[in-house]
Structure formats: C-alpha cells, structure tokens
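As a plain string of letters, each chain reads:
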Amino acid sequence: MKIAVYPGTFDPVTYGHIHIAERACQLYDKVIIALAGENYKNDLFTMEERMIMLKESVKHLENVEVESFVGLTADYAAIKGAKALIRGLRAVSDFEYEMQMAAMNRYLNENLETVFLMAEGKYSFLSSSNIKQVALIGGSVHGLVPPIVEEYLKKKYQELNYK
Ligand code: ADP
C-alpha cells in the first residue's frame, strides 16, 4: 500500500490545499493530511477548529485520513509507513524554502521522498494568509475556500470586531 503524508498548518484550509489533496489521492492508495500541531506562526484558528474545517472539506475523498501530529514530520511519516511527503508549489518564492525543507527531511528520514505538485493555475495566488487578510477586513473569499471555512471566518471576524 502506497501511503503519502500531506502536512501543513491549514490555518485555514483553502481550495488550493484541497486541489493538491485530490490529486495526491489519484497517485497514492492512502493520503494522510497531517495537521501540524506545533508551529511558530500566528495561528488564527485553534487546532480543533482547523481540524473540523479540514475534515468537512475532504469528506468526499475516500482514501484520505486527517490527523494531527506534533514533532518532526519526518518521524511522523516513518511511523505512518509513508514513503512520500506531498507539498504544493505555487511560485518561485515557495521554492527556496521547500527545497531546504525537502533536503532536511531527506536527511532526517532517508526513506522519505518529497513529491511536489504544482498549484492549479486558478489557485496559485491563494494562501491561508491572504485569505485571512481579506476575510478579516470584511472582503469576500467565496469560491476560494469551502463553505465551512467561509462560515468560520465570518464568525472569527465578528468575534474580533465586537471585542
Ligand atoms: P505550511 O505552514 O507547512 O507551509 P500550509 O498549510 O501553508 O502549510 O500549506 C501546506 C502545503 O500546501 C504547502 O506545501 C503549501 O505550499 C501548499 N499550498 C498552500 N496553498 C496552496 C495553493 N493555493 N495551491 C497549491 N498548494 C498550496
């Protein structure tokens, strides 16, 4: 059984992420979307919220599992028996960081291959950060994120504005 891990912060998940997951599902028997539990970015959503949004957004994919993890992605992939780590590439600006990460993960786990899937053109400008920026100042992100994410962003927007 060919298993791939697709790790990320998913704060929140966008159609860009989902498109990568859908394509990975065509290539592997099982794709584990791995929500990174510990990170050093400023998260808007809690782990629990991110998990709810992710699970709802990929429920149409039969060979996907969503899990959270802490620690090194390379170790997590080994425990799961995954030989591939999926990452999405949007622009040249992603490349430098992703190349370093891939080399480091390879050093940490020599059985793990990072596989890059190019972002779909129509989603290549999308990031969790710019979604948050637009939504939190009241713009529409309709068509860029699943309906549940739109709802959660609206709720967050209201909470932040009525504090
Ligand atoms: P991280 O915090 O690890 O960068 P993200 O949740 O931001 O995690 O993204 C996870 C993966 O999905 C990364 O490989 C990222 O490049 C990719 N990704 C993010 N947005 C898109 C998009 N619009 N199209 C394709 N891949 C994307």
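Described below are features of the structure shown in this document. Here the structure is a predicted model, which means the values were calculated and not measured. (Residues numbered from 1 in each chain as written. Predicted model: local features only at pLDDT ≥ 70, side-chain atom pairs only at ≥ 80, totals over all residues. Heavy atoms only, no water.)

### Topic: helix α3 (residues 73-80)
All of the buried residues in α3 are Thr73, Ala74, Tyr76 and Ala77. Within α3, the buried residues cover an arc of 160° as seen down the axis, which keeps them to one side. On its buried side, α3 packs onto β1 (3-8), β2 (30-36), β3 (64-69), β4 (84-89) and α4 (92-108). Just downstream of α3, Gly81 is the residue with a positive phi angle, here 75°. (Buried < 20%, exposed > 50% of the residue type's maximum accessible area, 1.4 Å probe, protein only. Helix = DSSP H or I, 4+ residues; strand = E, 2+ residues; numbered from the N terminus. Arc of directions from axis to C-beta. Contact = heavy atoms within 4.5 Å.)

### Remarks on the packing of aromatic side chains
Remark: the centre distance and the inter-plane angle together describe each pair of aromatic rings, the angle taken between the planes. Within this structure, the stated rule accounts for four aromatic pairs. Both rings, one in Tyr6 and one in Phe10, keep their centres 5.5 Å apart while their planes meet at 80°; by these two values the pair is edge-to-face. Note on accessibility: Tyr6 and Phe10 belong to one class, buried. With a centroid separation of 6.3 Å and an interplanar angle of 35°, the aromatic rings of Tyr15 and Tyr123 are classed as tilted. (Phe/Tyr/Trp six-rings, centres within 6.5 Å; stacked < 30°, edge-to-face > 60°.)

### Observations regarding the pairing of strand β5 (residues 113-118)
Across six bridges, β4 lies against β5 in parallel orientation. The residue of β5 that forms the bridge with Ala84 is Glu113. (Pairing = 2+ DSSP bridges.)

### Description of the environment of Val70
One can find Val70 in the loop between β3 and α3. Distance from Val70 to Ala36, taken between C-alpha atoms, is 6.2 Å for residues 34 residues apart in sequence.

### Considering unusual backbone geometry
Note that the residue after Asp11, namely Pro12, is joined by a cis bond; omega there is 0°. Looking at the secondary structure, you find Pro12 in the loop between β1 and α1 (15-27). The phi dihedral of Phe10 is positive, around 50°, even though this residue is not glycine. When you line up the elements, Phe10 lands in the loop between β1 and α1. By relative accessible area, which is 3% here, Phe10 ends up buried.

### So, the packing of helix α2 (residues 47-57) against helix α6 (residues 147-161)
One way to put it is that α2 packs onto α6 with a least axis distance of 9 Å and a crossing angle of 155°. When the axis of α2 is compared with that of α6, the two are roughly antiparallel. Across the interface between the two elements, Glu49, Ile52, Met53, Glu56 and Ser57 from α2 touch Ile148, Val149, Tyr152 and Lys156 from α6. When grouped by side-chain class, the residues that make up the contact of α2 with α6 number five nonpolar, one polar and three charged. (Axes fitted to C-alpha atoms, helices over the stretch in contact; angles between N-to-C directions. Parallel < 35°, antiparallel > 145°, perpendicular 65-115°, else oblique. Nonpolar A, V, L, I, M, F, W, Y, C, P; charged D, E, K, R; others polar.)

### Thoughts on the packing of helix α5 (residues 128-136) against α6
Put simply, α5 and α6 touch, their axes get as near as 9 Å, and they point 55° apart. The orientation of α5 with respect to α6, classified from their angle, is oblique. In this structure, the crossing between α5 and α6 has a hand that is right-handed. Only Leu153, Tyr157 and Leu160 of α6 make contact with α5, whose side of the interface consists of Ile131, Ala135 and Leu136. For the contact of α5 with α6, the class distribution of residues is six nonpolar, no polar and no charged. (Left-handed = near helix turned anticlockwise from the far one by under 90°.)

### Overview of the sheet that holds β3
Strand pairing within a sheet occurs via backbone hydrogen bonds; the two strands may be parallel or antiparallel. Across the sheet, five strands lie side by side as β3-β2-β1-β4-β5; this open sheet has parallel pairing. What marks the edges here is a single partner per strand, and that holds for β3 and β5. Adjacent strand axes in the sheet meet at a mean angle of 30°, parallel and antiparallel pairs treated alike. Sheet topology places β1 next to β4; two bridges connect them, and they run parallel. Its bridge partner being in β4, Val5 is matched across the sheet by Leu85. α2 rests against β2 and β3 of the sheet, and its axis sits at about 155° to β2. Across the sheet, α4 is in contact with β4 and β5; its angle to β4 comes to roughly 170°.

That's the geometry; what it means functionally is another story.
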